[in-house]
Amino acid sequence: MFLITIGGIFVAASVFIGRAFDRQIRGEAEALKARISNTLNLLVKDVREKIEPETTDPVVVRAIRDNEPTPLYTKMEDNILEILEYGDENGSIVASKGEPIRRGEEDSEALERAQSSTQATIRLRTSQKRATIEVTLPMKSKPLGFVTGGYFLGDRLGLALKDQILHPIFLREGDRLVPLNPPADGISKVEWDSLLTVEGFQKRDLGGNIHTVNRFPPLENMSVPVELIIGYSHQNEFAFRRELMLILMISGGVGLVVVYVVSYVIGIQMTKPINRLAAGAAEIASGNLDHRITVQTQDEIGQLTQQFNQMAMELQVSQEKRLAAERVAAWRDVARGIAHEIKNPLFPIQLSVQNLQKAYSKSRFVDASAQAGPTIFDEIFDECTETVIEEVTRLQRMVDEFHQFARMPAPEKKPSDLNQIVRQTINLYAESAPQVTVETALGSSQCNVSVDPEQISQMLGNLIKNAIEAMPDGGALRVSTKLEAGRKVQIEIQDTGIGMSSEMRENLFTPYYTTKVAGTGLGMAIVQRIVTDHDGEISIDSTQGVGTRIRIELPIVKREDADGT
């Protein structure tokens, strides 16, 4: 493709260069014509200045009238004109200078020119196949003769055009050509014949080089066989074309190298992110769902990398949810079994202890008259039985929580006002903790969510209760809600309590993990279960000695769901 482009550029450039040189040649033709015309005008002016005094010279007038050429020949010797002729009123040449001598010949054309105008007349003529440029002036006194002066045209133009060293210039004199400058001298006579048939601008091979040949008369409106033939050389054009070809070949070679290097570099740059994606996919396939790829560009590869990271994150979240669900299911089975094994003996134990207390009370009442007061055994017995009843009650409570965790039903979701649920839950716990300052920042009243109100209230209750317990010496509790990007609603519970260690944060949702003396370790597991069942997300940020912030995101209700449609 690159070479085709270079070839196209060369063809287009060649056409452009050809047209440009054609325009240049025509421009040079016009300039050369103007120069030749100016040269002829200067020659005409020079001739006129040299023969005009002759028209009033008495010696010339008498010699023409008396047909006596001797005085005229004397004057001719002092005149530098190459052509000089004197004629009488009948058109007969009285004396002439130049080759051949024309004394006695009739020059009716010169006589006619002299009689028709008192001004100078110009003509081109060939004499002995040599072209001349001549000026004829009438005599100023009668008898009305004439004086004609001139130069050989080839000699004068050759002197004027000798600085033209590129384009050959010829003068056509009748049926022969006269070279006027050095380039014309270098053209063989064999090639001259083809120049005589040129019409307009035509191309000819002259001296081994292509020339555009143009033929035109030196003076307009002259019907004599005198013409100038100029061959405009294309030597510069071909040299320029060769240089262009060389430049294009060098450019093409360099361009190919550059294209290869750039393609190689671009290929590496393009394959690097693809290789990173392949390596990332291998990491994900091996189970390393924490692996992420750094986004280095914003192009299509960068977008693909972002989508890969998003997919990995979603896969990780999905796996965590699945694992959490599996753990919950496993612990649910464990809880169900524990509840079954513990619950059966609890009631007989409690009933037996209570019966024991009743029986002992009766025996004490019967023996009251015999004893002054309770014995030490009595005190120990009372204390022990109270402890047994207290522990049994705690076991009953634990079993109830196990049972609740194991039998937690699927949420019955319905459009609910989250802010109202938050306010009701806060009111239940705020009065029990006067040492804690409770602050609320609830969002828009349109904060509707599709939830099970009882489960959400239970979830909030567990979180608020934990926050209050984390501030035994008092503190501040802040509960807020707000919309997130029109798709989710966010609940945030923040306290200024004792905070959590890294170990606590890692095991916070693990069933039966607790740091409290009387805790069961199921409260936060139940919270996570409720959030997961509501298609939500929960995150925790805690620092020891500073406090804890828990953030929950739940999907909002679609408008059609809120309207009941």
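Let me begin by describing the structure that accompanies this report. (Residues numbered from 1 in each chain as written. Predicted model: local features only at pLDDT ≥ 70, side-chain atom pairs only at ≥ 80, totals over all residues. Heavy atoms only, no water.)

This next bit is on the overall build of the protein. If you tally the helices and strands in the protein, you get 14 helices and 17 strands. Sequence separation of 24 or more characterises 59% of the internal contacts of the protein that already satisfy a separation of 6 or more. Total accessible area on the protein stands at roughly 32200 Å², and carbon and sulfur atoms take up 55% of it. (Helix = DSSP H or I, 4+ residues; strand = E, 2+ residues; numbered from the N terminus. Contact = heavy atoms within 4.5 Å. Areas by Shrake-Rupley, 256 points an atom, 1.4 Å probe, with all protein chains shown as cover.)

A full pass over the atoms with the stated rule returns one aromatic pair. With a centroid separation of 5.4 Å and an interplanar angle of 70°, the aromatic rings of F170 and W192 are classed as edge-to-face. You can see F170 sitting in strand β6 (residues 169-173) and its partner W192 sitting in the loop between α6 (182-185) and β8 (201-206), a full 22 residues away along the chain. As far as the burial class goes, F170 and W192 line up, both buried. Over the ring of F201 we find R26, and its NZ or CZ is 4.3 Å from the ring centre. The cationic tip of K33 hangs over the ring face of F216; the distance from NZ or CZ to the ring centre is 4.9 Å. (Phe/Tyr/Trp six-rings, centres within 6.5 Å; stacked < 30°, edge-to-face > 60°. Buried < 20%, exposed > 50% of the residue type's maximum accessible area, 1.4 Å probe, protein only. Lys NZ or Arg CZ within 6 Å of the ring centre and 35° of its normal.)

Right, let's get into helix α13 (residues 523-533). Taking burial as the measure, the 11 residues of α13 include eight buried ones, the bulk of the element. If you check which residues of α13 are buried, you get M524, A525, I526, V527, Q528, R529, I530 and V531. Positioned one or two residues after α13, D535 has a phi angle of 60°, which is positive.

Where charged atoms from two side chains of opposite charge approach closely, those side chains can pair. Counting across every chain of the model gives 20 salt bridges. The shortest N-O distance in the salt bridge between R65 and D66 comes to 3.6 Å. With a relative accessible area of 48%, R65 lands in the partly exposed category. In this structure, R156 and E82 form a salt bridge, with 3.6 Å as the shortest nitrogen-oxygen distance. With R156 in helix α5 (residues 153-160) and E82 in the loop between α3 (70-78) and β1 (83-87), the pair connects residues that are 74 residues apart, well separated along the chain. Relative accessible area serves as the criterion here: at 25%, R156 is assigned to the partly exposed category. (Salt bridge = Lys/Arg side-chain N within 4 Å of Asp/Glu carboxyl O.)

Here we take up the side chain of H167. Relative to the helices and strands, H167 resides in the loop between α5 and β6. Of the residues examined, H167 reaches a relative accessible area of 7% and is grouped as buried. Of the polar contacts made by the side chain of H167, one reaches the side chain of E28; its length is 2.8 Å. (Polar contact = N/O pair within 3.5 Å; in protein donor to acceptor, adjacent residues only side chain to side chain.)

Right, let's get into the pairing of strand β17 (residues 547-555). Both strand β15 (residues 488-495) and β17 contribute to a ladder of eight bridges, which runs antiparallel. Directly across from I491, in β17, lies its bridge partner I552. A loop of three residues connects strand β16 (residues 537-543) with β17, the two strands running antiparallel in sequence, and G545 in this loop sits at a positive phi of about 85°. (Pairing = 2+ DSSP bridges.)

In this section: helix α10 (residues 418-430). For an α-helix the count is 3.6 residues per turn, leaving residues at separations of three or four pointing the same way. If you check α10, its first and last C-alpha atoms are 18 Å apart, about what 13 residues at 1.5 Å a residue would give, namely 18 Å. Of the residues making up α10, those classed as buried are L418, N419, I421, V422, T425 and I426. Down the axis of α10, the sector holding all buried residues measures 155°, keeping them to one side. Summarising the geometry of α10, the exposed residues directed more than 90 degrees from the buried face are N427 and L428. Check the buried side of α10 and you find it contacts β11 (414-417), β12 (436-441), β13 (448-451), α11 (453-469), β14 (475-484) and β15. (Expected span 1.5 Å × (residues − 1). Arc of directions from axis to C-beta.)

A word on the nonpolar core. Within the largest apolar cluster, 41 residues are counted, with the highest numbers of intra-cluster contacts made by I36, Y86, I133 and L153. Sorting elements by how many residues they give to this core places helix α1 (residues 2-51) first, with nine residues. Beyond its immediate chain neighbours, meaning those up to four positions away, I133 contacts L40, L43, V44, I122, R123, L124, G149, G150, Y151, L153 and L219. (Core = buried A, V, L, I, M, F, W, Y, C linked by side-chain atoms within 4.5 Å.)

Moving on to the sheet that holds β17. Two orientations exist for strands paired in a sheet by backbone hydrogen bonds: parallel and antiparallel. The mixed open sheet is built from five strands, whose spatial order is β12-β14-β15-β17-β16. Both edges of this open sheet fall to β12 and β16, since each of them pairs with a single strand only. When strand polarity is set aside, the average angle formed by the axes of neighbouring strands in this sheet is 10°. Contacts from α11 reach β12, β14, β15 and β17, with the element oriented near 25° to β15. (Axes fitted to C-alpha atoms, helices over the stretch in contact; angles between N-to-C directions.)

Its place among the elements puts S233 in strand β10 (residues 226-233). If sequence neighbours within four positions are ignored, S233 has contacts with L166, H167, I210 and H211.

Let us look at the packing of α10 against α11. Where α10 contacts α11, the two axes come as close as 9 Å, and the packing angle between them is 45°. The angle between the axes of α10 and α11 places the two elements in the oblique class. Crossing geometry of α10 relative to α11 is assigned as right-handed. Note on element contacts: α11 touches α10 through P453, I456, S457, L460, G461, I464, K465 and I468, opposite L418, I421, V422, T425, I426 and Y429. Counted by class, the contact of α10 with α11 contains 10 nonpolar, three polar and one charged residues. (Parallel < 35°, antiparallel > 145°, perpendicular 65-115°, else oblique. Left-handed = near helix turned anticlockwise from the far one by under 90°. Nonpolar A, V, L, I, M, F, W, Y, C, P; charged D, E, K, R; others polar.)

Read across the sheet, five strands follow the order β7-β6-β10-β9-β8 without closing on themselves; strand pairing throughout is antiparallel. Each edge of the sheet is formed by a strand with only one pairing partner; in this case those strands are β7 (176-179) and β8. Taken pair by pair, the neighbouring strands of this sheet meet at an average axis angle of 30°, ignoring direction.

Moving on to a nonpolar patch on the surface. Together, L246, I250, V254, V258, V262 and I266 give the surface a local cluster of nonpolar side chains, amounting to about 500 Å² of exposed area. Considering the arrangement of structural elements, one finds I266 in helix α7 (residues 235-285). (Patch = residues over 30% accessible without salt bridge, like charges linked within 9 Å, V, L, I, M, F, W, Y side chains within 5 Å.)

Mapping I210 onto the fold places it in strand β9 (residues 209-216). Here the alpha-carbon distance between I210 and F238, two residues 28 residues apart in the chain, equals 9.2 Å. The residues touching I210, leaving out its near neighbours within four places in the chain, are K203, R204, D205, Y232, S233, H234 and F238.

Contact pair α11 / α13: the axes reach a minimum separation of 9 Å and the direction vectors enclose 140°. By the angle class used here, α11 and α13 are oblique. Here α11 and α13 pass one another in a crossing that is left-handed. Taking contact as the criterion, the partners of Q455, I456, Q458, M459, N462, L463 and N466 in α11 are, on α13, G523, M524, I526, V527, I530 and V531. When grouped by side-chain class, the residues that make up the contact of α11 with α13 number eight nonpolar, five polar and no charged.

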